[in-house]
Amino acid sequence: MGCIEELKHEILAKGLTFKECRDFIAKTCPTVYHIQPGTKLFGEGIIGNPPIAVGTDGTVVVFPYVKPCHGTFILKIEDPKEAARLATIGVKPKKK
Amino acid sequence: MTETTDKKALIVLGCPEVPVQNALAVYTAYQLKSSGYSFLIAGNPAVMKLLMTSDPERHYIGAMTSLEKAVEDISSGNDNVDLCIAFAHSDAGISYAATMKYLLPSARFITIVFGREAESISHLIEYEGEQIVEVAVHNPMQLRKKMSEVLGWVVSKS
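An account of the accompanying structure is given in this report. (Residues numbered from 1 in each chain as written. Chains lettered and ligands numbered in written order. Predicted model: local features only at pLDDT ≥ 70, side-chain atom pairs only at ≥ 80, totals over all residues. Heavy atoms only, no water.)

## Notes on helix α3 (residues 80–89) of chain A
All names here are of chain A. Here is the rule we go by: In this scheme, a residue with accessible area under 20% of its type's maximum is buried, one over 50% is exposed, and one in between is partly exposed, where area comes from a 1.4 Å probe on protein chains only. Comment: elements are numbered from the N terminus, with helices defined as DSSP H or I runs of at least four residues and strands as E runs of at least two. The arc in question is the one traced by the directions running from the helix axis out to the C-beta atoms. It only takes one pair of heavy atoms within 4.5 Å for two residues to be counted as in contact. Polar contact is the term for a pair of N or O atoms within 3.5 Å; when the atoms are in protein, one must be able to donate a hydrogen and the other to accept it, and sequence-neighboring residues count only if both atoms are side-chain atoms.
Looking at α3, one finds that the buried residues are Glu82, Ala83 and Leu86. For α3, the buried positions fall inside an angular range of 105° around the axis, keeping them on one side. Along α3, the residues that are exposed and aim more than 90 degrees away from the buried face are Pro80, Lys81 and Thr88. In the core, the buried residues of α3 are packed alongside β2 (31–35), β3 (40–41), β5 (52–57) and β6 (60–67). Between a side-chain oxygen at the N-terminus of α3 and the backbone nitrogen of lysine 81 the separation is 3.1 Å; the capping residue is aspartate 79.

And the structure:
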């Protein structure tokens, strides 16, 4: 079990393709950042097709979590430090 | 040994639920070893147990690591490869392959897409690189043939 799974988390969605996860986060989170594959979040390198959309809502972080045999989950974790850190490591997507 | 001695390869394996993956992973390891590559196999714990059961004395499979450790080592610049062969039969497999492709921009990158939904899964690929797509589930022979053609491997008749 990875360290992310050991953290208190909520599963917002599962069974979506990675692209659908990107769209879900873009539509539901007030603030969205793009990070690149391998960027560490909660101590783990995040997996996915770049750019990886990660959202924040205050102190909550919403992100895709890929497991080889179970697909992609969208997890929500409350963490003020990690939410603040995303503003320094992520890039805000250009508005279409 | 051939001119490829000193070159490094990475084999990335997805969920092992489709039978051809394990057989093709051992075959790929055999071909890479025969071609003089040093290589690392990355997969989840079930993948590693299947491979160790298939090749208990490690005549072919060599070093193995978890997907997480492989991503961490490559991200931190501790590992680099000339050739990456990524097996994927699901959206999650494509996500892992895409991650490796991003982290290994200068490697020759080949994605092997297989399983019943190979065609539709291949359309999820958003990155550049070679693709071998085959609806292979139980029978590895057609995919083995395609891989051997693309990678220039000598094929035995058995």
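Let us keep going from here.
## Brief notes about the side chain of B:Lys101
Residues and elements named next belong to chain B. For clarity, the cut-off: Just so you know, the count uses Lys and Arg for positive and Asp and Glu for negative, and it drops His and the chain ends. Here a salt bridge means any side-chain nitrogen of Lys or Arg lying within 4 Å of a carboxyl oxygen belonging to Asp or Glu.
For lysine 101, the location among the structural elements is in helix α4 (residues 91–103). It is glutamate 128 that comes nearest to the buried, bridge-free lysine 101 among opposite-charge side chains, at 7.6 Å. Once you skip the residues sitting within four places of it in the chain, lysine 101 turns out to touch Phe109, Tyr127 and Glu128.

## Side note on the pattern of salt bridges
Residue and element names in this part refer to chain A. Counting across every chain of the model gives nine salt bridges over all chains. Among the salt bridges present, the one from arginine 85 reaches glutamate 82, with a minimum N-O distance of 2.9 Å. Of this pair, arginine 85 and glutamate 82 both sit in helix α3, separated by three residues, roughly a single helical turn. Of the residues examined, glutamate 82 reaches a relative accessible area of 10% and is grouped as buried.

## Describing the packing of helix α1 (residues 20–34) of chain B against helix α6 (residues 141–151) of chain B
Residues and elements named next belong to chain B. Test applied: Angular values range over 0 to 180 degrees, each being the angle between N-to-C directions of two axes fitted as lines to C-alpha atoms, with helices fitted over their stretch in contact. Every angle not falling under 35 degrees, over 145, or within 65 to 115 is termed oblique; those three ranges are roughly parallel, roughly antiparallel and roughly perpendicular. We call a crossing left-handed when the near helix sits turned anticlockwise from the far one by less than a right angle, and right-handed when that turn is clockwise. Residue polarity follows a fixed list, in which Ala, Val, Leu, Ile, Met, Phe, Trp, Tyr, Cys and Pro are nonpolar, Asp, Glu, Lys and Arg are charged, and the others, Gly among them, are polar.
α6 packs onto α1 with a crossing angle of 30° between their chain directions and a minimal axis gap of 11 Å. Considering the angle they form, α1 stands roughly parallel to α6. The two elements α1 and α6 meet at a crossing, and its hand is right-handed. Each of Leu24, Tyr27 and Thr28 in α1 lies in contact with α6, whose residues at this interface are Leu143, Arg144, Met147 and Ser148. Considered class by class, the residues forming the contact of α1 with α6 number four nonpolar, two polar and one charged.

## With respect to the sheet that holds β2(A)
Residue and element names in this part refer to chain A. What counts here: For two strands to be treated as a pair, DSSP must find no fewer than two bridges joining them.
Ordered in space as β1-β7-β6-β5-β2, the five strands form an open sheet in which the pairing is antiparallel. Across the chains shown, the open sheet's two edge strands, defined by having one partner strand only, are β1 (10–16) and β2. Strand after strand, the sheet turns through a mean of 25° between neighbouring axes, direction not considered. For β5 and β6, the ladder comprises three bridges, and the chain directions are antiparallel. Each bridged residue has a counterpart across the sheet, and for threonine 56 the counterpart in β6 is valine 61. Against the sheet, α3 makes contact with β2, β5, β6 and β7 (71–78), and its axis sits at roughly 65° relative to β2, the strand it touches most.

## Describing the sheet that holds strand β5 (residues 108–113) of chain B
Residues and elements named next belong to chain B. A sheet is described by the order of its strands in space; here six strands give the open sequence β3-β2-β1-β4-β5-β6, paired in parallel fashion. At either margin of the open sheet sits one strand with a lone partner, and together these are β3 (63–66) and β6 (130–133). Within this sheet the neighbouring strands show an average axis-to-axis angle of 20°, counted without direction. Relative to β5, strand β4 (residues 83–88) is paired through six bridges, and the arrangement is parallel. Along β5, the bridge assignment pairs alanine 88 with valine 113. Across the face of the sheet, helix α2 (residues 45–54) comes into contact with β2 (38–43) and β3 while running at roughly 160° to β3. The strands that helix α3 (residues 67–75) touches are β1 (8–12), β2 and β3; relative to β3, the one it contacts most, it runs at about 95°.

## Describing the interface of chain B and chain A
Selection criterion: By buried area we mean the combined loss of accessible area, with a 1.4 Å probe, across both parts when two parts are placed together.
Taken together, the 20 residues of chain B in the interface contact 20 residues of chain A. For the chain B and chain A pair, buried surface summed over both sides reaches about 1500 Å², with 61% attributable to carbon and sulfur atoms. Of all residues in chain B, the largest losses of buried area upon contact with chain A belong to B:Tyr96, B:Tyr102 and B:Glu126, amounting jointly to 31% of the total for that side. Between the two partners, chain B and chain A, sit two salt bridges. Close ionic contact of A:Lys40 with B:Glu72 constitutes a salt bridge, the shortest N to O distance being 3.3 Å. Put simply, chain B and chain A have five residue pairs in polar contact (both at pLDDT 80 or more) between them. When residues of the side of chain B that touches chain A are traced back to their parent elements, those giving at least two are α3 and α4 of chain B. Top element by residues in the side of chain B that touches chain A is α4(B). It accounts for nine residues. Taken together, the residues of the side of chain B that touches chain A sort by class into twelve nonpolar, five polar and three charged.

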